[in-house]
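Here are the chains, one letter per residue:
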Amino acid sequence: MSADPGGRDADEAIHAVSVIATKRDGHRLADAQIAWMVDGYTRGEVAPEQMSALLMAICLRGMDRREIASWTRAMIDSGRRMDLSGLRRDGRPLTTVDKHSTGGVGDKITLPLTPLVASFGVAVPQLSGRGLGHTGGTLDKLESIPGWCAQVGSEEMIDQLERVGAVICAAGDDLAPADRKLYALRDVTGTVESIPLLASSIMSKKIAEGTSALVLDVKTGSGAFLPDEDDARELASTMVELGLEAGVDTRAVITDMSTPLGLAVGNAVEVAEAVEVLAGGGPADVVELTLALAREMLDAAGFPDADPAANLANGAAMDSWRAMIAAQGGDPDAQLPAARHRDEFTADRSGVVVAMDARAVGDAAWRLGGGRSRPGESVSAEAGVSIHAKPGDRVRAGQPLFTLHSRDEARLPGARAALVDAVTIAEHAGDPGAGGRPLIIDHVRFTP
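Criteria and thresholds
Residues numbered from 1 in each chain as written. Predicted model: local features only at pLDDT ≥ 70, side-chain atom pairs only at ≥ 80, totals over all residues. Heavy atoms only, no water. Helix = DSSP H or I, 4+ residues; strand = E, 2+ residues; numbered from the N terminus. Contact = heavy atoms within 4.5 Å. pLDDT = per-residue confidence, 0-100. Pairing = 2+ DSSP bridges. Axes fitted to C-alpha atoms, helices over the stretch in contact; angles between N-to-C directions. Phe/Tyr/Trp six-rings, centres within 6.5 Å; stacked < 30°, edge-to-face > 60°. Lys NZ or Arg CZ within 6 Å of the ring centre and 35° of its normal.

It is worth spelling out the environment of Ala69 at this point. Residue placement: Ala69 occurs in helix 4 (residues 65-77). When the C-alpha atoms of Ala69 and Ala338 are compared, they prove to be 45 Å apart, with 269 residues separating the residues in sequence. When residues no more than four places from it in sequence are discounted, the contact partners of Ala69 are Leu242 and Glu245.

Following this line, the structure appears as structure tokens:
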């Protein structure tokens, strides 16, 4: 990338075409150019087609770290920044720590993790989103619980954090509004996967949220937005640096998303599995990742010797879950929605499961009605996939691999089609295709 041309434009009025041309030609954008474009688009003075052109130029030409930091600041400045420094319980200040996942298949970790960390006297302000495409959304899952409400006002959020210690809710409209508008545009212009745009999108919301510490779960593999591990590492390091520069204690964990997490993919089925974990059970991989992220969050919050496994076993995490759900109008004892139609997908041969494509399973859940193809579209609480065998398990021909759940029987054939090549079965565990990466691949930390 060539030198910054911002100096030569310092005395000239900034306009959209000149900014687009600067990045189109591979130059570095000046801070003033970035601030002008983001502010102008947020207020409706920069046309969508002009911002679309700039986003594509960024996607193709990239941004350096200074540009990414400037773009992130501009999105934060488009709204208000929350102040959670005054949180108190029994006269004592509460430390805040949050977690963000870049999204995956069966990734219900936020559900058990948030109350688990809160059970240690830490405030966890978890502002979450909705699913799009093959990746699930935390808010969609929780809305399976009768009465539960995703909308929590700022004062109510602070009150809930002080009383309960945990809140999972939608971000307010005034929190980084530029990001909300830009994300919708990126989604329809093929620029979602751009690392500079991904990093600034995630971090603008998390910094504006006002948390003092942040743990990032950056996923890689077939079910992740960034399947390539090198890209995931670049995204992780970029976001950690952005957080530290903004005064937020930030660290990242790179995790594998080649195989779905747990044995449930969908909405209500994932809530049920999360409750199993909070009750001291649940699939080993979900428990492993929940505990690993809890340790990172508790360490960042000043509790390096805390044992999160103990609070899963003794019921403290479950108590926090019940209080959190009830505080947002939900009934933690209510029966979750169940699908009217079910269908089994069976193994076509005997052998050992050596691979399971997370993206294919996510696509199947989406086709069953568990996800949306465009923002604002409704989802089905009942839709989902139950998994009966994971890599390493031996299966027999005709044995169920998946159970499909849907309220609409017409959706079942499409979901079955998505799963045709989802599972690789070999005669022996050591055959080609066996193996795989550990669930937790690496940790990313920098000295502030």
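After presenting the structure, the write-up continues.
A word on the confidence of the model for the chain. The predicted model of the chain averages 92 in pLDDT, with 94% of residues at 70 or higher. Below a pLDDT of 50 lies the segment residues 1-11, which in the model reaches 23 contacts outside its immediate sequence neighbourhood of four places, other chains included.

With that settled, consider the sheet that holds strand 10 (residues 351-356). As summarised here, the arrangement of the 3 strands in space is 12-10-14, forming an open sheet in which the pairing is antiparallel. Edge strands, defined here as strands with exactly one partner in the open sheet, are strand 12 (394-395) and strand 14 (423-426). Pairing between strand 10 and strand 12: 2 bridges, direction antiparallel. Bridging across to strand 12, Gly351 finds its partner in Val395.

Pairing within the open sheet is antiparallel, and its 4 strands lie in the order 8-11-13-9. Either end of the sheet is taken by a strand with one partner, and the two such strands are strand 8 (264-266) and strand 9 (341-346). Strand after strand, the sheet turns through a mean of 15 degrees between neighbouring axes, direction not considered. Judged from the 6 bridges that link them, strand 9 and strand 13 (residues 400-406) form a sheet pairing that is antiparallel. Residue pairing for strand 13: Arg342 is matched across the bridge by His405. Sheet contacts for helix 11 (residues 268-278): strand 8, strand 11 (384-387) and strand 13; angle to strand 8, the most-contacted strand, approximately 140 degrees. Strands strand 8, strand 11 and strand 13 of the sheet are contacted by helix 15 (residues 358-370), whose axis makes an angle of about 140 degrees with strand 11.

Attention now goes to the packing of aromatic side chains. Scanning the model with the defined rule gives 1 aromatic pair in all. The ring of Tyr41 has Lys181 sitting right over it, with the charged end atom 4.6 Å from the ring centre.

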